[in-house]
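# Architecture at a glance
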Amino acid sequence: NRATREIQTPYALIADDDVVLLENTNLERALAIMLARDDIGVLGGSSLEVSELPDGKEVWEVGRWEKFLLLENKISTLISIPIDYFAPQTAMVNKSLIFFCDMTQNWGIWRTRVMKEVGWDESIKINGEHEDFFLSLKQSSNWKVAFYPELICRHHPFRSPNYNPLRMRREGREILGLKWNIKHH
C-alpha cells in the first residue's frame, strides 16, 4: 500500500521479486488492452514456473491461477474454481484474446486506481493476501479482472532454509477466515 501511494501513473506493472520478464514479454499489448477497456482493473498474465528436482535439474511448466471465487456464507466457505472448468468468458481486444475471471496471479498490468481503492489488507502478510484482495475487489467494486495468456513471465521462487518456514505461516489464512467468516477454503 505504501508503494501504491507513490505511483504517479494510471497503470502499474505488479510483480513479486521472484518474477523475471522475458524477452518476449509484451507489455505494450497488455497496456493497449487496458487502454481499450476502461472496465478492467487487473490484467493478469501467466508464468513459466521453475521447480528443481532432487537431482538438481530444473523443470518448467506454465503456471495458471485464474479462478472464479464463490463465497458461500451459509456454509462459511470460500471456493476458488479454475476458469477452465467453465465455458470461457472472453473478449477480443485489439486482436488479443482475454479471459474474464475473479482472480489472477499477483503479476500483470493493474490500474493504480484499483490498488488505491481496494488496497491490500496489511494484517495478512502471506497465505491469504491474494484471495483477500481479489475477494474485496469482487465484493466492493465493479472492476473486472481478466487474464491475458500472452503476457508471460518466468517465476523462479526463491527458497532458503530461513524463508521456507515464513512461507508456510498460517496466520494469513486465519485472518482471512475471521475477516470473511470463512471456515473452509
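In what follows, the accompanying structure is described. Every value quoted in this text rests on a predicted model; they were computed, and no experiment measured them.

In this section: the nonpolar core. In this structure, Val42, Trp110, Val114, Phe133, Phe134 and Leu137 are the most contacted members of the largest nonpolar core, which totals 26 residues. Taken together, the elements giving at least two residues each to this core come down to strand E1 (11–14), strand E5 (67–72), strand E8 (96–101), helix H3 (112–118), helix H4 (129–140), strand E10 (144–155) and helix H6 (171–180). The greatest single-element share of this core, amounting to four residues, is contributed by H4.

Another aspect to go through is unusual backbone geometry. A positive phi angle, near 50 degrees, is found at asparagine 94, a position not held by glycine. Within the secondary structure, asparagine 94 sits in the loop between strand E7 (90–93) and E8.

There is a patch of like positive charges on the surface, built from Arg2, Arg5, Lys125 and Arg169. Summarising the element assignment, arginine 169 is placed in the loop between helix H5 (163–167) and H6.

Quick look at helix H2 (residues 27–36) now. All of the buried residues in H2 are Ala30, Ile33 and Met34. On an axial view of H2, the arc spanned by its buried residues comes to 95 degrees, and they lie on one face. What points out from H2, more than 90 degrees from its buried face, is the exposed set Glu28 and Leu35. Those residues of H2 hidden inside the fold are in contact with E1, strand E3 (40–52), E7, E8, strand E9 (108–111) and E10.

Before going further, it helps to examine H4. With twelve residues, H4 extends 16 Å between its outermost C-alpha atoms, agreeing within 8% with the 16 Å of an ideal straight helix rising 1.5 Å per residue. Of all the twelve residues making up H4, nine are buried; the element is thus mostly covered by neighbouring parts of the structure. Buried residues of H4: Glu129, His130, Glu131, Asp132, Phe133, Phe134, Leu135, Ser136 and Leu137, and no others.

About the criteria used
Residues numbered from 1 in each chain as written. Predicted model: local features only at pLDDT ≥ 70, side-chain atom pairs only at ≥ 80, totals over all residues. Heavy atoms only, no water. Core = buried A, V, L, I, M, F, W, Y, C linked by side-chain atoms within 4.5 Å. Buried < 20%, exposed > 50% of the residue type's maximum accessible area, 1.4 Å probe, protein only. Helix = DSSP H or I, 4+ residues; strand = E, 2+ residues; numbered from the N terminus. Patch = residues over 30% accessible without salt bridge, like charges linked within 9 Å, V, L, I, M, F, W, Y side chains within 5 Å. Areas by Shrake-Rupley, 256 points an atom, 1.4 Å probe, with all protein chains shown as cover. Salt bridge = Lys/Arg side-chain N within 4 Å of Asp/Glu carboxyl O. Lys, Arg positive; Asp, Glu negative; His and termini not counted. Charge placed at Lys NZ, Arg CZ, Asp CG, Glu CD. Arc of directions from axis to C-beta. Contact = heavy atoms within 4.5 Å. Expected span 1.5 Å × (residues − 1).

By themselves these figures say nothing about function.
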